[in-house]
Amino acid sequence: MSAHTATTGTADGTGTGTAEVELAIGGMTCASCAARIEKKLNRMDGVEATVNYATEKAKVSYRGEDISVQDLIATVEKTGYTAHEPAPPARAEDDGPGAEEADELRPLRQRLLTAVVLAVPVIAMSMIPALQFDYWQWLSLTLTAPVVTYAAWPFHKAAFTNARHGAATMDTLISVGTSAAFLWSLWALFFGTAGMVGMTHPFELTIGRSDGAGNIYLEAAAGVTAFILAGRYFEARSKRKAGAALKALLELGAKEVTVLRGGREVTVPTAELQVGDRFLVRPGEKIATDGTVVEGASAVDASMLTGESVPVEVGVGDSVTGATLNAGGRLVVEATRIGADTQLARMAKLVEDAQNGKAAAQRLADRISAVFVPVVIALALGTLGFWLGNGAGLTAAFTAAVAVLIIACPCALGLATPTALMVGTGRGAQLGILIKGPEVLETTRRVDTIVLDKTGTVTTGRMTLLDVHTADQTDETDVLRLAGALEHSSEHPIAQAVAAGAAERTGAPLPTPEDFANVPGLGVQGVIEGHAVLVGREQLLAEWEIHLPVELARRKAEAEAAGRTAIAVAWDGEARAVLEVADAVKDTSAQAIERLRALGLTPILLTGDNRAVAESVAAEVGIEEVYAEVMPEDKVDVVKRLQAEGRSVAMVGDGVNDAAALAQADLGLAMGTGTDAAIEAGDLTLVRGDLRAAADAIRLSRKTLGTIRTNLFWAFAYNVAALPLAAAGLLNPMIAGAAMAFSSVFVVGNSLRLRGFKAAS
């Protein structure tokens, strides 16, 4: 993982002023680890730190004149974890996609495979008397040893680190339980009667006291390790990929650019652009970097970055933004900002800041373990003391104490979250809802406000012909045929919307213009079937001394007041019609808003579009609170402001301009029809692009969380119920094995109920 620094003092952070550094933290196993590191760093003078377990990063502000990055790293290492020195972010092409994730998962996958392959025969031999041949117990020992040492090593290491800091997590429980089971089995095999020829575990669930010298618990040690590793592996796979949103954002930019040098066109990588360079942007190409137009005129589609549904007309002297799309003519642009200064790079930084500032949900199992582990250890010591005090003998006393530790190690606990998550996410995928990971689920229970981006979320995100107003004695079909035919020859997105709408409404092929000309900034003109046709702004008609009649002028004013684009159509010297084009509201949006309200959420509309458009859309779908004309970087501030009011905010968006706000929100829902950057920054992805799926996603997430909670309760309940038996010295290996198996079966069965979840029709 990479890290970087930024300072407000000197460049190296050693001068005066406050410096910022982002460190990659290694060795964290749970949210309490992150809290521990954060606490240690914040105890240093002049240091403010936030540590994110989900992204495995620490963001630290410190006084550059007093503290160095090495001091911060040393503090983290003293706490028992690793920290990487800042390094420049790796370029995407330096390593293959997913290389970092693959490296992270490979050791875990190897440990899991080792545990499963070796644990299955051990469990089979222990539970099925027919498989218990002479010396089967020694084969069990041989197979279990690598599982308890190599495969379970991360648990032992984490338990040791936790113990040094006086903490107990689920790792402590697993390590103590599996070690106790293995060490007791070693003692029984070498010093007890369990190693004798013909020793068997009878298949009986009777309760009876024994001295434990003939009992081995190798299947418990191997089985628990395999189960928990399986849970950890599936959790790691579903965990949000740190930095993926940033990679997706940076991928949006153009890779190569045609630069004008010495009167020649030279293609160079975008990274080589310098401020002041002039570069060429052809129709359909992305603009390489932020700059000013010095030649040409065009329409630029900036909806991905700004959320504005209407393409922006640009000409000489106008500013353009990198990664936006040139939808019209040829442009020559002079670069004004490059690299980290561009709007795209600044938005990437906003996403990164929002992700790092987001507190990871503390895992339920760890919170319970923090109390449960000390209680179990105290109970085991109490059991040992009680039986020794009652003269039961050292062997019987140790048998009872170790049985307490073994039964307290619940394999079902390791399955509780991953199985519910797997079934819930699997069912979600079938319904077009992708859930990123377990930390997402707890948030869905708390959210009370849902912020909706307008373009592409509540609306379709593309320009659509909505209405046609004709003058007296003018046939609508004629208007559509002639206007559609002329606009079909234009590359402008609004023109394309008119052409597509005309073809759909007339249901017939459009005629071909005999003559066509584009009038920059005003519209198009041409000859079709002998008619001289004009389509565009009112000024275009005025240049030909054509004026709109009163009724059409009124219609045009009404359309513009509602935030729609009004297009005038004239032929043969007369104004014939006004066409209304806008970003149409999705058919399902109003119903979706109702469902979100039913879940207890307050909807808010947020858009970069003008207020008239926003108010019109909000009224149509039933939203009362509207934030309009909001710049991309300000969307994050709106979410922060709502959070400061004490609201728990969900955000639904689809564009690059929404990515930082999605990451900042307590719950980010990305439309799957949107950009990769938005999808990566979100916690939930709605594949269908239907806003009703947002309500389904929240319902499914809440139901999945409920299932996890039930699983955790029963995973502990079975073990707690068996603890008195263990403390009384009445627990035989079959009861221990049966409790383990039954709790696991219950957890899996309970999780499978999520497959019956249905989307609201």
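Along each chain, numbering runs from 1 in the same order as the chain's sequence is written. In keeping with the model being predicted, local features are shown solely for residues with a pLDDT of at least 70 and side-chain atom pairs are shown and tallied solely at 80 or more, while totals for entire chains, interfaces and linings include all residues. Only hydrogens and water are set aside when side-chain values are computed; all heavy atoms of the structure are taken into account.

Brief notes about the overall build of the protein chain
- A run of DSSP states H or I qualifies as a helix once it reaches four residues; a run of E qualifies as a strand once it reaches two. Both are numbered from the N-terminal end. Looking only at helices and strands, one finds 26 helices and 27 strands in the protein chain.
- Whether two residues touch is decided by their heavy atoms; if any such pair falls within 4.5 Å, the residues are in contact. Of all intrachain contacts in the protein chain linking residues separated by at least 6 positions in sequence, the fraction that spans at least 24 positions is 70%.
- In short, Shrake-Rupley with a 1.4 Å probe defines the accessible areas, and a residue's cover is counted only from the protein chains shown. Accessible surface, the protein chain as shown: approximately 31,600 Å² in total, 56% of it carbon and sulfur.

Quick word on the nonpolar core
- Buried residues of nine kinds, namely Ala, Val, Leu, Ile, Met, Phe, Trp, Tyr and Cys, make up a nonpolar core once their side-chain atoms join them within 4.5 Å. For the exposure calls, accessible area comes from a 1.4 Å probe over protein chains only, and a residue counts as buried if that area is under 20% of its type's maximum, exposed if over 50%, partly exposed in between. If you look at the biggest cluster of nonpolar residues, it comprises 56 residues, and the most contacted ones within it are I216, L218, L229 and V404.
- Of all the elements in the fold, those that place two or more residues in this core are α3 (99–127), α4 (136–151), α6 (170–190), α7 (218–238), α11 (364–389), α12 (394–407) and α25 (692–727).
- Look past the residues within four positions of L218 in its chain and what remains in contact with it is V122, Q137, S140, L141, T144, F182, S185 and L189.
- Counting residues in each nonpolar core, the second largest holds 45 residues, with L431, I593, M671 and A694 among its members.

Some remarks on a nonpolar patch on the surface
- Patch definition: residues with relative accessible area over 30% and no salt bridge; like charges joined within 9 Å; nonpolar side chains (Val, Leu, Ile, Met, Phe, Trp, Tyr) joined within 5 Å. Put simply, a salt bridge is a Lys or Arg side-chain nitrogen that is within 4 Å of an Asp or Glu carboxyl oxygen. Judged by side-chain polarity, L388, L394 and F398 come together as a nonpolar surface patch covering roughly 270 Å² of accessible area.
- Considering the arrangement of structural elements, one finds L388 in helix α11.
- When its relative accessible area of 41% is taken as the criterion, L388 is described as partly exposed.

A look at unusual backbone geometry
- Phi at E545 is positive, roughly 60°, even though this residue is not glycine.
- In this structure, E545 sits in the loop between α18 (538–543) and α19 (550–561).
- With a phi angle near 50°, D572 is a residue other than glycine that sits in the positive phi range.
- Relative to the assigned elements, D572 resides in the loop between β21 (565–571) and β22 (574–585).

Description of the environment of H165
- Looking at the secondary structure, you find H165 in the loop between α5 (153–164) and α6.
- Excluding residues that lie within four positions of it along the chain, H165 makes contacts with R36, K78, T79 and G80.

Focus on the UniProt feature "transmembrane region" (unreviewed entry) in the protein chain
- According to UniProt, the feature "transmembrane region" (unreviewed entry) maps to residues 112–129, 135–153, 173–196, 216–234, 368–388, 394–417, 711–728 and 734–752 in the numbering used here.
- In this annotation, residues 173–196 is assigned 75% helix and 0% strand; the end-to-end C-alpha distance for the span is 31 Å.
- Here residues 711–728 runs as 94% helix and 0% strand, with 27 Å between its end C-alpha atoms. UniProt positions are given in the numbering used here, feature names are shortened, and annotations may be inferred rather than shown by experiment.

Topic: the sheet that holds strand β11 (residues 312–314)
- Strands qualify as paired when DSSP identifies two bridges or more between them. Taken in spatial order, the three strands make up an open sheet running β11-β10-β13, and their pairing is antiparallel. Edge positions in the sheet fall to β11 and β13 (325–326), since each of these pairs with one other strand and no more.

Quick word on the pattern of salt bridges
- Counted under the stated rule, the structure contains 24 salt bridges.
- For E265, the salt bridge identified is with R282, shortest N-O distance 3.1 Å. Of this pair, E265 sits in strand β7 (residues 264–269) while R282 sits in the loop between β8 (278–281) and β9 (290–295); the two residues are 17 residues apart in sequence, bridging distant segments of the chain.
- Since its relative accessible area comes to 44%, E265 is described here as partly exposed.
- On the accessibility criterion, R282 (32% relative accessible area) is partly exposed.
- Of the charged contacts in the structure, one is a salt bridge between R564 and E580, with a shortest N-O distance of 2.8 Å. A residue pair is termed long-range when its members are at least 10 positions apart, and R564 in the loop between α19 and β21 and E580 in strand β22 qualify at 16 residues.
- Look at E580 and you get buried, because its relative accessible area is 7%.

As for the confidence of the model for the protein chain
- Across the protein chain, the average pLDDT comes to 80, with 82% of residues at 70 or higher.
- Ranking the helices and strands of the protein chain by mean pLDDT puts strand β23 (residues 602–606) first, with 95, and strand β1 (residues 5–7) last, with 37.
- The low-confidence segment residues 88–101, where pLDDT is below 50, has nine contacts with residues more than four positions distant or belonging to other chains.
- Known as pLDDT, the predictor's confidence for each residue is given on a scale from 0 to 100. Overall, residues 357–362 carries pLDDT values under 50, and its contacts beyond four positions in sequence, including any with other chains, amount to 17 contacts.

A word on the packing of helix α16 (residues 476–488) against helix α17 (residues 493–506)
- Interaxial angles span 0 to 180 degrees and are taken between N-to-C directions of axes, which are lines fitted to C-alpha atoms, for helices over the stretch in contact. Where α16 contacts α17, the two axes come as close as 8 Å, and the packing angle between them is 140°. Considering the angle they form, α16 stands oblique to α17. Of the two possible hands of crossing, α16 and α17 adopt the one that is left-handed. Here α16 contributes E476, T477, L480, R481, A483, G484, E487 and H488 to the contact with α17, which in turn contributes A495, Q496, V498, A499, A502, R505 and T506.
- A breakdown of the residues in the contact of α16 with α17 according to their chemical character gives six nonpolar, five polar and four charged. If an angle is under 35 degrees, it is roughly parallel; if it is over 145, roughly antiparallel; if it lies from 65 to 115, roughly perpendicular; otherwise it is oblique. Two helices that cross are described as forming a left-handed crossing if the nearer one is turned anticlockwise from the farther one by less than a right angle, and a right-handed crossing if clockwise. Residues are grouped as follows: nonpolar covers Ala, Val, Leu, Ile, Met, Phe, Trp, Tyr, Cys and Pro; charged covers Asp, Glu, Lys and Arg; every other residue, Gly included, is treated as polar.

Topic: the packing of aromatic side chains
- Ring geometry is summarised as follows: Phe, Tyr and Trp rings, the Trp one being its six-membered ring, pair when their centres sit within 6.5 Å, and such pairs are stacked at plane angles under 30 degrees, edge-to-face over 60 and tilted between the two. One pass over the full model with this rule turns up five aromatic pairs.
- On the basis of an interplanar angle of 80° and a centroid distance of 5.2 Å, the ring pair of W138 and F190 is categorised as edge-to-face. Placement of W138 in helix α4 and of F190 in helix α6 is noted, with a sequence separation of 52 residues between them.
- Through successive ring pairs, a cluster of aromatic residues spans F713, W714 and F746.

Here's the deal with the pairing of β9
- Of the pairings in the sheet, the one linking β9 to strand β14 (residues 331–337) comprises five bridges and is antiparallel in character. Bridge pairing in β14 links E295 to V332.

A few points about the sheet that holds strand β20 (residues 531–536)
- Taken together, the six strands give an open sheet; going across it, the order is β17-β22-β21-β20-β19-β18, and neighbouring strands pair in antiparallel fashion. The two strands at the open ends of the sheet, each matched to only one other strand, are β17 (459–470) and β18 (515–519). Pairwise comparison of adjacent strand axes, ignoring direction, gives a mean angle of 20° for this sheet.
- Where β17 and β22 come together, eight bridges link them in antiparallel fashion. Along β22, the bridge assignment pairs M463 with D583.
- Set on the sheet, α16 makes contact with β17, β18, β19 (523–528), β20, β21 and β22; between it and β19 the angle comes to about 110°.

Remarks on the pairing of β7
- Where strand β6 (residues 256–261) lies against β7, six bridges are found, and the strand directions are antiparallel. Looking across to β7, one finds that V259 is bridged to V266.

Here's the deal with the environment of R106
- Position of R106 relative to the elements: it lies in helix α3.
- Along the primary structure R106 and Y233 are separated by 127 residues, whereas in three dimensions their C-alpha atoms are 9.8 Å apart.

Thoughts on the side chain of R36
- Looking at where R36 falls in the secondary structure, it is placed in helix α1 (residues 31–42).
- Any pair of N or O atoms that falls within 3.5 Å is considered a polar contact. Within protein, one atom must be able to donate a hydrogen and the other to accept it, and sequence-neighbouring residues count only if both atoms are side-chain atoms. A polar atom in the side chain of R36 sits 2.7 Å from the side chain of Y81.
- Not counting the four nearest positions on each side in its chain, R36 is found in contact with T79, Y81, N162, H165 and A167.

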